[in-house]
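What the coordinates show
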Amino acid sequence: EEHHARCAKALRRARWREWQSDWITNTVLPWVPSDRFALLAAVMVALLGLTALKCLSSYLVDVLVGSVVQRTMQTLRERLFRHTLQLDQQTLALETTPQLMSRFTFDLQQVSHGLVLFGSLVVLETCKALFCIGGAFIVNWRLTALSFVCAPIGLVLFQKYGRRLKRASGRQMESMARVYRVLDETLKSFRSVLA
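Residues numbered from 1 in each chain as written. Predicted model: local features only at pLDDT ≥ 70, side-chain atom pairs only at ≥ 80, totals over all residues. Heavy atoms only, no water.

On to the overall build of the chain. Within the chain, the secondary structure is distributed over six helices and zero strands. Of the regular secondary structure in the chain, the N- to C-terminal order runs α-α-α-α-α-α. Here the C-alpha radius of gyration of the chain, 29 Å, is well above what a compact globule of 195 residues would show, namely 16 Å. Overall, the chain is about 95 × 50 × 35 Å in size when its C-alpha atoms are taken along their principal axes. In the chain, which comprises 195 residues, the proportion classed as buried is 9%. (Helix = DSSP H or I, 4+ residues; strand = E, 2+ residues; numbered from the N terminus. Rg over C-alpha atoms; globule rule 2.2 N^0.38 Å. Buried < 20%, exposed > 50% of the residue type's maximum accessible area, 1.4 Å probe, protein only.)

Before going further, it helps to spend a moment on the nonpolar core. Generally speaking, nonpolar side chains in soluble globular proteins are found buried as a group. Within the largest apolar cluster, five residues are counted, these being V61, V65, V69, M73 and L108. Of the residues forming this core, the biggest block, four residues, is contributed by helix α2 (residues 36-85). For L108, the contacting residues outside a window of four places in its chain are M73, L76, R77, L80 and R103. (Core = buried A, V, L, I, M, F, W, Y, C linked by side-chain atoms within 4.5 Å. Contact = heavy atoms within 4.5 Å.)

To continue, consider the packing of aromatic side chains. On inspection of all chains with the given rule, the structure shows one aromatic pair. An angle of 15 degrees between the planes, with centres 5.4 Å apart, marks the rings of W16 and W19 as stacked. Highlighted residues: W16 and W19, both in helix α1 (residues 2-28), separated by three residues, approximately one helical turn. Given the relative accessible area of 41%, W16 is considered partly exposed. Owing to a relative accessible area of 48%, W19 belongs among the partly exposed residues under this scheme. (Phe/Tyr/Trp six-rings, centres within 6.5 Å; stacked < 30°, edge-to-face > 60°.)

Before going further, it helps to spend a moment on the environment of V45. Locating V45 in the fold gives a position in helix α2. On the basis of relative accessibility, which here comes to 58%, the residue V45 falls in the exposed class. Note: C-alpha distance between V45 and E1 (44 residues apart in sequence) is 53 Å.

All right, on to the side chain of T144 then. Looking at the element boundaries, T144 is found in helix α5 (residues 141-188). Within the structure, the side chain of T144 is placed 3.0 Å from the backbone oxygen of A136, a separation counted as a polar contact. For T144, the residues in contact, after removing those within four places along its chain, are A136 and F137. (Polar contact = N/O pair within 3.5 Å; in protein donor to acceptor, adjacent residues only side chain to side chain.)

Let us look at the pattern of salt bridges. Tallied over the entire structure, the rule returns one salt bridge. In this structure, E78 and R82 form a salt bridge, with 3.8 Å as the shortest nitrogen-oxygen distance. Taken together, the positions of E78 and R82, both in helix α2 and four residues apart, correspond to about one turn of that helix. With a relative accessible area of 37%, E78 lands in the partly exposed category. Here R82 falls in the partly exposed class, since its relative accessible area comes to 48%. (Salt bridge = Lys/Arg side-chain N within 4 Å of Asp/Glu carboxyl O.)

Among the surface-exposed residues, K9, R12, R13, R17 and R142 lie close enough to one another that they form a single positively charged patch. Per element, the largest residue contribution to the positive patch is four residues, and it comes from α1. Structurally, R142 can be placed in helix α5. Relative accessible area serves as the criterion here: at 45%, R142 is assigned to the partly exposed category. (Patch = residues over 30% accessible without salt bridge, like charges linked within 9 Å, V, L, I, M, F, W, Y side chains within 5 Å. Areas by Shrake-Rupley, 256 points an atom, 1.4 Å probe, with all protein chains shown as cover. Lys, Arg positive; Asp, Glu negative; His and termini not counted. Charge placed at Lys NZ, Arg CZ, Asp CG, Glu CD.)

What follows is the structure in structure tokens.
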């Protein structure tokens, strides 16, 4: 019975390869030029066209993501400004002017950079991933299914790394606020030091 199963499997594989060969012969090969120079020219034109399409799609993604990010950042700046104006005197005394300036400049710049990266990755990398997964299923569906079983391990590792990165980003923002405070104190007391 095991021999019959192996034979049936080999027969299915042979039929699949025969179907692929027939499809390539009937669909693709009639479009392929017989002359070598014409074939090279066709390949170069196809590569040029695909490169132009990739550049155009990257440009469109950058424009769309950039406009969304700029609107989001404008809204965030307005909300942060309104929130700062509504703070009481004690909170404003704790949050010094350089720290507030750091929030308005450096922190929002980091958020903007992250949003641009995230938006580009979500659009482009999702399309790439779907295309690659489809190709992997065509080549070997068993190995692709096995990779989906192993994928949660990678997700756990990325989650741990993401937490560390988040903490490091928070420390970087706080250090920039301290730099702004030192600069503010130095520049305010500059005339006194000179005197």
